Structure formats: structure tokens, C-alpha cells
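For reference, the chains in residue letters:
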Amino acid sequence: ALGGVPQEILYDNTKTVVLKTLTDGVDSRGEVRLNPTFADFAAYWGFTPRLCRPYRPQTKGKVENGIGYVRKNFLCGRDANGLDDLRLQMRVWTATVANVRVHGTIHRIVTEAWEEEKPSLSSCVNRRAYPLVVACVRRVSRDAYVSYQSNRYSVPWQEAGKEVLIREVGAVIEIVRDGQTLAAHARCRE
């Protein structure tokens with residue numbers, strides 16, 4: 001819908017973006033650890049995720065204010081005959097109300113500011129949709145197995161006690177550590 005991908009996107013510190021661990025998503029150097037699936041998504045589309053600082057509402061408001069604006073100015077008191085009708089109404093409202101107003105923060109007409117920003121977007125023409133790869137971090141048990149969705153998958157015994165990345169790619173479970181695939185198993189559905 002935007003016609004491209006921005007260089008940076010601002011996110012709140014939600015679980016889908018920041019990996020929540022015992023150290024609250026921060027590694028030993030004090031750097032934030034991104035959720036592996038989200039990090040892969042950002043790399044695929046070529047943007048840098050920026051995170052709102054925790055407990056700093058000044059930045060978080062920028063993420064959430066747009067939702068409040070749509071709720072109060074578009075959804076409030078509106079009737080629709082299904083999702084397609086609501087989407088059509090939204091496109092009309094966006095073109096005739098939201099994008100022709102003077103924005104409260106930048107004090108410019110939204111469409112004029114947008115036309116200036118468009119050339120800065122990275123093109124996504126002829127790009128296929130993101131190939132969803134579900135990933136999570138697990139610790140290898142002492143008997144060299146990793147639990148994932150109520151099943152156990154084996155890894156080399158040397159990896160016992162270490163953290164690994166589990167990637168579900170279609171019907172295959174890949175177990176990865178430091179960028180190296182340790183094992184690959186058919187996804188067990190039982």
C-alpha cells in the first residue's frame with residue numbers, strides 16, 4: 001500500500017519484536033535481543049527496527065496515536081455491510097479526510113509530506129511475500145533433545161545445555177546454533 005519499505009520502522013517493545021528472556025530481552029552486552037522471526041522478517045524486507053524506550057511514553061505515543069485517531073475520527077458511529085465495505089469506506093476517508101489535513105506534529109498537509117518521503121522508500125516491486133519461518137530459542141536438555149510444541153527433537157550430544165534456535169520451515173524443523181544447522185527433522189504432528 002505504501003509502494004515501498006522505509007529504512008527504519010519504530011516499534012514498541014512487544015514480544016513479537018523483542019525476545020523476552022529472564023534478562024528481559026537484553027543480552028550480556030546490554031543490547032536488546034530481537035525475536036528471531038521478527039529479525040528475519042526485518043532483514044528480508046531490508047529495514048532497521050527502532051525500538052521505543054521502555055517506560056518512556058513520549059516515543060510510545062507516536063506508535064499508538066494513529067490508532068486513536070482512526071478510532072475517534074473514522075470508526076466512531078460508522079456502519080458497514082461487511083469487511084469489504086469497511087475497507088472501501090476507509091480508503092475514501094483516508095483520501096478525503098486523513099491525508100488532506102494538516103498533521104498535528106509536522107504541521108504540514110499529510111499528502112504533501114508523503115510525496116516528499118516516497119522517493120526514500122526501498123522498492124518492493126517484484127518482491128515475493130515474506131516466507132514465514134517460525135523460530136524460537138530453546139535450551140538443549142542433558143540427554144541432547146530439544147522440546148518444541150510437545151515433541152522432542154535430537155541434536156548432537158555436544159550441544160547439551162546450550163541455547164539453540166529452532167526454525168519451523170514448512171514441514172521441517174531445523175535446529176541452528178551460531179548460524180550452523182545442527183539437525184533437521186520432519187515436523188512431527190502427533
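For the structure given in this document, a descriptive report is provided here. (Residues numbered from 1 in each chain as written. Predicted model: local features only at pLDDT ≥ 70, side-chain atom pairs only at ≥ 80, totals over all residues. Heavy atoms only, no water.)

### Looking at the overall build of the protein
Okay, step 1: When you go through the protein residue by residue, the secondary structure sums to 4 helices and 8 strands.
Okay, step 2: Listing each helix as α and each strand as β along the protein from the N terminus yields β-α-β-α-α-α-β-β-β-β-β-β.
Okay, step 3: For 190 residues, the compact-globule estimate of 2.2 N^0.38 gives 16 Å, and the protein exceeds it by more than 25% at 22 Å.
Okay, step 4: Principal-axis analysis of the C-alpha atoms places the extent of the protein at approximately 65 × 40 × 35 Å.
Okay, step 5: Counting over 190 residues, the protein shows a buried share of 23%.
Okay, step 6: For the protein, long-range pairs separated by at least 24 residues make up 44% of all intrachain contacts whose partners lie at least 6 apart in sequence.
Okay, step 7: Looking at the protein, you have 28 positive and 21 negative side-chain charges, and the mean spots of the two groups are 3 Å apart. (Helix = DSSP H or I, 4+ residues; strand = E, 2+ residues; numbered from the N terminus. Rg over C-alpha atoms; globule rule 2.2 N^0.38 Å. Buried < 20%, exposed > 50% of the residue type's maximum accessible area, 1.4 Å probe, protein only. Contact = heavy atoms within 4.5 Å. Lys, Arg positive; Asp, Glu negative; His and termini not counted. Charge placed at Lys NZ, Arg CZ, Asp CG, Glu CD.)

### Things to note about the packing of aromatic side chains
Okay, step 1: By the definition in use, this model includes 8 aromatic pairs.
Okay, step 2: Ring centres 6.1 Å apart and planes at 75 degrees place the aromatic pair Phe41 and Phe47 in the edge-to-face group.
Okay, step 3: Measuring from ring centre to ring centre gives 5.3 Å for Phe74 and Trp93, while their planes differ by 45 degrees; the resulting arrangement is tilted. Taken together, the residues span a long stretch of sequence, with Phe74 in helix α2 (residues 57–75) and Trp93 in helix α3 (residues 83–96) at a distance of 19 residues. Note on accessibility: Phe74 and Trp93 belong to one class, buried.
Okay, step 4: One aromatic cluster is present, built from ring pairs that chain together Tyr11, Phe38, Phe41 and Phe47.
Okay, step 5: For the cation-ring pair, Arg101 lies above Tyr69, with the distance from its terminal atom to the ring centre recorded as 4.1 Å. (Phe/Tyr/Trp six-rings, centres within 6.5 Å; stacked < 30°, edge-to-face > 60°. Lys NZ or Arg CZ within 6 Å of the ring centre and 35° of its normal.)

### Regarding the sheet that holds strand β7 (residues 172–177)
Okay, step 1: One open sheet accounts for 4 strands, arranged β3-β6-β7-β8; its pairing is antiparallel. The outermost strands of the open sheet, each flanked by one partner alone, are β3 (134–139) and β8 (180–186). Strand-to-strand, the axes of this sheet are offset by a mean angle of 25 degrees, without reference to chain direction.
Okay, step 2: When β3 meets strand β6 (residues 163–169), the two strands line up antiparallel, connected through 6 bridges. Bridge pairing in β6 links Arg139 to Glu163. (Pairing = 2+ DSSP bridges. Axes fitted to C-alpha atoms, helices over the stretch in contact; angles between N-to-C directions.)

### Focus on the pattern of salt bridges
Okay, step 1: Counted by the stated rule, this structure contains 10 salt bridges.
Okay, step 2: Close ionic contact of Glu163 with Arg33 constitutes a salt bridge, the shortest N to O distance being 3.7 Å. In this pair, Glu163 sits in strand β6 while Arg33 sits in the loop between β1 (8–11) and α1 (36–45), placing the two residues 130 residues apart along the sequence.
Okay, step 3: Given a relative accessible area of 25%, Arg33 falls into the partly exposed group.
Okay, step 4: The closest approach of N and O atoms between Glu168 and Arg187, which form a salt bridge, is 3.4 Å. Placement of the pair is Glu168 in strand β6 and Arg187 in the segment after β8, with a sequence separation of 19 residues.
Okay, step 5: Residue classification places Arg187 among the buried positions, given a relative accessible area of 15%.
Okay, step 6: Members of the salt-bridge network, linked through shared partners, are Arg33, Arg139 and Glu163. (Salt bridge = Lys/Arg side-chain N within 4 Å of Asp/Glu carboxyl O.)

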